[in-house]
Amino acid sequence: MRTEYIYWDPGQGYQADELRHAAEILRSGGLVAFPTETVYGLGGNGLLRQAAMKIYAAKGRPSDNPLILHISRRSELDAVVGHVSVQAEALMDAFWPGPMTLVFRKSDVVPPETTGGLDTVAVRMPAHAGARALIREAGVPVAAPSANLSGRPSPTEAGHVREDLDGRIDMIIDGGSVGIGLESTIIDLTEEVPVILRPGYITREMITQVTGAVIMDPGLETGEQAIKPKAPGMKYRHYAPRAVMTVFEGDIIDVVAEINARAAEYPEDKVGILATEETRDRYVHGQVLVAGSRKDHTIAHGLYAALRQFDHLGVEVIFSESFSGEDRSEAIMNRLRKAAGQRIEFLPK
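Residues numbered from 1 in each chain as written. Predicted model: local features only at pLDDT ≥ 70, side-chain atom pairs only at ≥ 80, totals over all residues. Heavy atoms only, no water.

Draft legend 1. Molecular detail of helix 5 (residues 158–165). Looking at helix 5, one finds that the buried residues are Ala158, His160, Val161, Asp164 and Leu165. Buried residues of helix 5, seen end-on, are gathered within an arc of 155° and therefore sit on one face of the element. Where helix 5 is buried, its residues touch strand 2 (32–34), strand 3 (41–45), helix 2 (49–59), strand 8 (171–174) and helix 9 (299–313). (Buried < 20%, exposed > 50% of the residue type's maximum accessible area, 1.4 Å probe, protein only. Helix = DSSP H or I, 4+ residues; strand = E, 2+ residues; numbered from the N terminus. Arc of directions from axis to C-beta. Contact = heavy atoms within 4.5 Å.)

Draft legend 2. Up close: the pattern of salt bridges. Under the counting rule described, the total for this entry stands at 19 salt bridges. Residue arginine 294 pairs with glutamate 321 through a salt bridge whose shortest N-O separation is 2.8 Å. Of this pair, arginine 294 sits in the loop between strand 14 (287–292) and helix 9 while glutamate 321 is found in strand 15 (residues 317–321), placing the two residues 27 residues apart along the sequence. The pair formed by arginine 294 and glutamate 321 is uniform in burial state, with each residue classed as buried. (Salt bridge = Lys/Arg side-chain N within 4 Å of Asp/Glu carboxyl O.)

Draft legend 3. Geometry of the sheet that holds strand 14. Ordered in space as 14-13-15-12-16, the five strands form an open sheet in which the pairing is parallel. The sheet is open, and its two borders are formed by strand 14 and strand 16 (344–346), each paired with just one other strand. Neighbouring strand axes in the sheet, compared pairwise and without regard to direction, differ in orientation by 25° on average. The strands touched by helix 9 are strand 12 (244–249), strand 13 (271–276), strand 14 and strand 15; relative to strand 14, the strand with the most contacts, the crossing angle is about 155°. (Pairing = 2+ DSSP bridges. Axes fitted to C-alpha atoms, helices over the stretch in contact; angles between N-to-C directions.)

Draft legend 4. Representation of the environment of isoleucine 344 within the structure. Within the fold, isoleucine 344 resides in strand 16. Residue isoleucine 344 is classed as partly exposed on the basis of its relative accessible area, which comes to 21%. The residues touching isoleucine 344, leaving out its near neighbours within four places in the chain, are Val247, Glu249 and Arg337.

Draft legend 5. Geometry of the packing of aromatic side chains. Summed over the entire model, instances satisfying the criterion amount to two aromatic pairs. These aromatic residues form a ring-pair network of at least three members: Phe248, Tyr266 and Phe319. (Phe/Tyr/Trp six-rings, centres within 6.5 Å; stacked < 30°, edge-to-face > 60°.)

Draft legend 6. Here's a closer look at the packing of helix 1 (residues 16–27) against helix 4 (residues 129–138). Two elements in contact, helix 1 and helix 4, have axes whose closest approach is 8 Å; the angle formed by their N-to-C orientations is 60°. In this structure, the crossing between helix 1 and helix 4 has a hand that is right-handed. Contacts between helix 1 and helix 4 involve Leu19, Arg20, Ala22, Ala23, Leu26 and Arg27 from the first element and Ala133, Leu134, Glu137 and Ala138 from the second. Of the residues assigned to the contact of helix 1 with helix 4, the class counts are seven nonpolar, no polar and three charged. (Left-handed = near helix turned anticlockwise from the far one by under 90°. Nonpolar A, V, L, I, M, F, W, Y, C, P; charged D, E, K, R; others polar.)

Next up, the structure:
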């Protein structure tokens, strides 16, 4: 398959004929990767079971891992879900369009292939103007997981999508680097109290201000996999570089010392170190990459790109600082723990 490329510009938007072409690919069951404010998504017609199956095949994704439906307007929600609660309305008023996904009971028009066989469906309305324009033009809800091979770090620029999916999908829309860099917060509204299934840019504190009560899925803390996942990322290995990765939790002075000691045990070109702008110069051995700045709160934006870069460098082991206590740390550490396969070492205080 030859993958086509078109561009979206924040000032210019799409070329009209290219937008129509991309929308037709989606309507007819093809796959289009497109930018959102979180990461790049791999879009297919969410109402066509064959499109969902193509998404799973292109990504190498297990078919019981649910897809998220993307809509462009509030009015598009009613066709794909059952009951919309008062809590759901309040959350949508507060955070849509934006990086928040809500889980509802699904309507009959949504095929089980899209929902991983569940009777629930995850829906979000992206804040990215180009994403909403594409969905509106397509005229269908767009099922879109991250546009990467399953298990790999999510793509935050079109080049990452090309690495994984060129020749496997119909089109890639290049919209430059995304704004946030981590996937949306997922909230299950099918229980009496809302449950956060995946932390993201919309934090627990922000949700609590709207709903009055919210709980975290227990598996987020224990690392145990869901037997029947209600949302993407709950069961399978995600966000992982090819190298074996370990995260060190503790006082930053102790963490730097421990990573330096561990790194010295390996040839310099085979060990990677994931650091911040504030600590990069403290490491004396290994290939050091920066996720971002603790001071400027840019770690979330640069995390996936750094993990992908380690693959290009060919390192065999990666030692990472923990980013607990940072802005959006619940979301960042959720991704980092999964990338490391839950390998976290807690240094004595």
